[in-house]
Amino acid sequence: MTLTEKILARASGKGHVRAGDNVWVKADILMTHDVCGPGTIGVFKREFGPQAKVWDADRVVIMPDHYIFTADSKSNRNVDILREFVREQQLRYFYDVIDDPVGHWVFDPSKGMLQRQYGSRYAGVCHTALPQKGHTRPGEILFGTDSHTCMAGAFNEFATGIGNTDAGFVMGTGRLLLKVPETMHFRLEGKLQPGVMAKDVILHIIGEIGFDGATYRAMQFDGPGVSELSMDDRMTIANMAIEAGGKNGIFEFDAQTKAYVDHRCKLNGTLAEYDPVERDRDEQFVYELVVDMSRLEPVVACHPDPGQRKTAKELGALRLDRAYIGSCTGGKTSDFLDFARIVRGRKVVIDTFGVPATPEIVHDLQSTYWDGQTVWAILVEAGVKLTENAGCAACLGGPVDTFGRMNTPLKCISTTNRNFPGRMGHKESQVFLASPMTVAASAITGRVTDPREFL
Ligand code: SF4
């Protein structure tokens, strides 16, 4: 069996499963957020009754992160709905925007978009926050009401996005009927060269198979190259499995996975036991691709879908209006550090927005010093509009007052993961997906730029 099949077999209590089998699996964690949480709660109450209790109050994780820093009252209200549900159900893991358990969330635009407005428990973008808060464990099943839930596959678990109806069912029963996906095999070899990043690996792969090339399939990433990738790198790659239509993305378990997970579970007091899955000799794949990472170069996914791959060099004449660094995929500490290595001592020439994915990343950037200056200060000095209000922000557009949202038909180069029309705001705007280094280099020149020009 493949890694995915092994996890699904275990979670369904079977000795063996095959692609195409329909199996009932037990959920380990159900995650939801402010956009889908209220709808999921509505389905749960409608189907299980107003007095129903969730199947396990320690396994439902609620992370508001999407439409948070906006004056839109309906969006603010969604966070309150989550808080009321958490109180009613006595859920253990709720990463509220405010500290008052009976309060109301109201964003105050008069304080501006840059200054922190959240309380002490807020965790930021769910997919980046889940591992930070110790909720991703090898061998487990994670369901989330968000398509990029597949990011947790970096930790050798089966993680996939589900809709509100399925999530309402999981909330009530802790189970879900799944068709076992076929597995595509991506063997990673070699080592990334300077200026080339994990984002280039996944954009290369999606460029090979197309934005629907992995529809309802598992994408398994393994091989000797994986040990050269950090956990942040693996998260970037697994995150974008869905951009090829993948059901999930999954990595092998190794010492790095163990060190990360053990540290985070201990730090947060979450469940510390887990059982990773290892590769079998008899794996059956529907597709195989060997990627020699040492031969990759910086690439960009052009408007209007993540499969429109071109090299950054080929696009050198394309002028841009905006640059954006942020999101679960591209707003991690390591992403900002690589971005800062390029812009340090230089100035951006187009509007450049920076949104750390989580408060922990804000803290990292404000407490990491390079020659006596924080990375945060280096970015601000380069002209980046950097907000402390960690969250999804303009990655998916959001209400019109969302930080970084494109309200006119602009061209933006971005470290985010999705670029279908209208994704970051105006329906005629265009989004070009690239690595943090490519976005940084492009922000400095105002046109798509291969970051190796600055190394
Ligand atoms: S940062 Fe973007 S891709 Fe990630 S969860 Fe938020 S909206 Fe989705």
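All figures in this text were calculated on a predicted structure; none of them were measured in a lab.

A. Just the nonpolar core, in detail. With 145 residues, the main nonpolar core has Val300, Val343 and Phe432 as its most contacted residues. The element contributing the most residues to this core is helix H6 (residues 198-209), with seven residues. For this core, the two domains that each supply at least three residues are domain 1 (1-296) and domain 2 (300-454). Beyond its immediate stretch of four places on either side in the chain, valine 343 contacts Val348, Leu379, Ala382, Val384, Ala440, Ala443 and Ile444.

B. Quick peek at the domain arrangement of the protein chain. Here the domain parsing of the protein chain yields domain 1 (1-296) and domain 2 (300-454). Tallying the contact residues gives 42 residues for domain 1 and 39 residues for domain 2. Where the side of domain 1 that touches domain 2 is concerned, the elements lending two or more residues are helix H4 (126-132), H6 and helix H7 (231-239). The dominant element in the side of domain 1 that touches domain 2, judged by the number of residues it contributes, is H6, at six residues. Broken down by class, the residue content of the side of domain 1 that touches domain 2 amounts to 18 nonpolar, 17 polar and seven charged.

C. Expanded view of the site of the ligand. Lining the immediate surroundings of the ligand are 13 residues, of which Ser327, Cys328, Cys392, Cys395 and Leu396 lie closest. For the shell around the ligand, the elements supplying multiple residues, two or more each, are H4 and helix H9 (327-330). Considered class by class, the residues forming the shell around the ligand number six nonpolar, six polar and one charged.

D. View of the sheet that holds strand S3 (residues 60-62). Spatially, five strands are ordered S4-S3-S2-S5-S6 in an open sheet, and the strand pairing comes out parallel. This sheet does not close on itself; its edge strands, each paired only once, are strand S4 (93-94) and strand S6 (158-161). Examined bridge by bridge, strand S5 (residues 141-144) and S6 share four bridges and lie parallel to one another. Note that in S6 the partner of glycine 144 across the bridge is glycine 161.

E. Representation of the pairing of S5 within the structure. Where burial is concerned, the two faces of S5 agree: the one with Ile141 and Phe143 and the one with Leu142 and Gly144 are both buried. Relative to S5, strand S2 (residues 29-32) runs parallel, the two sharing three bridges. Residue pairing for S5: isoleucine 29 is matched across the bridge by leucine 142.

F. Expanded view of the environment of valine 25. As for its placement among the helices and strands, valine 25 is situated in strand S1 (residues 22-26). By the C-beta count within 10 Å, which is 24 here, valine 25 ends up buried. Not counting residues within four places of it along the chain, the set of residues in contact with valine 25 comprises Leu8, Ala11, Ser12, Ile141, Arg175, Leu176 and Leu178.

G. Quick look at the sheet that holds strand S8 (residues 182-189). Taken in spatial order, the four strands of this open sheet run S10-S9-S8-S11, and their pairing is parallel. The sheet terminates laterally at strand S10 (248-251) and strand S11 (287-292), the two strands that pair on one side only. Taking each pair of neighbouring strands and ignoring which way they run, the sheet shows an average axis angle of 20°. The sheet contact formed by strand S9 (residues 217-222) and S10 spans four bridges and is parallel. Residue pairing for S10: methionine 219 is matched across the bridge by glycine 249.

H. Representation of unusual backbone geometry in the model. In this model, histidine 303 is joined to proline 304 through a cis peptide bond whose omega is 10°. Non-glycine residue tyrosine 216 carries a positive phi angle of around 50°. Looking at the secondary structure, you find tyrosine 216 in the loop between H6 and S9.

I. Just the environment of serine 334, in detail. For serine 334, the location among the structural elements is in helix H10 (residues 333-343). Residue serine 334 is classed as partly exposed on the basis of its 18 C-beta neighbours within 10 Å. Between the alpha carbons of serine 334 and threonine 368 there is a distance of 11 Å; along the sequence they are 34 residues apart. Beyond its immediate sequence surroundings of up to four residues, serine 334 is in contact with Ser230 and Asp232.

J. Seen up close, helix H3 (residues 73-89). Taking 1.5 Å as the rise per residue, H3 with 17 residues should run 24 Å; its terminal C-alpha atoms sit 24 Å apart, in good agreement. Buried positions along H3 lie against helix H2 (37-48), S3 and S4. Where H3 terminates, the next one or two residues include glutamine 90, which has phi positive at roughly 55°.

Thresholds, definitions, all that
- Residues numbered from 1 in each chain as written.
- Predicted model: local features only at pLDDT ≥ 70, side-chain atom pairs only at ≥ 80, totals over all residues.
- Core = buried A, V, L, I, M, F, W, Y, C linked by C-beta atoms within 7 Å.
- Buried ≥ 20, exposed ≤ 12 C-beta atoms within 10 Å, placed from the backbone.
- Helix = DSSP H or I, 4+ residues; strand = E, 2+ residues; numbered from the N terminus.
- Domains from an automatic or database assignment.
- Contact = placed C-beta atoms within 7 Å.
- Nonpolar A, V, L, I, M, F, W, Y, C, P; charged D, E, K, R; others polar.
- Near = placed C-beta within 6 Å.
- Pairing = 2+ DSSP bridges.
- Axes fitted to C-alpha atoms, helices over the stretch in contact; angles between N-to-C directions.
- Expected span 1.5 Å × (residues − 1).

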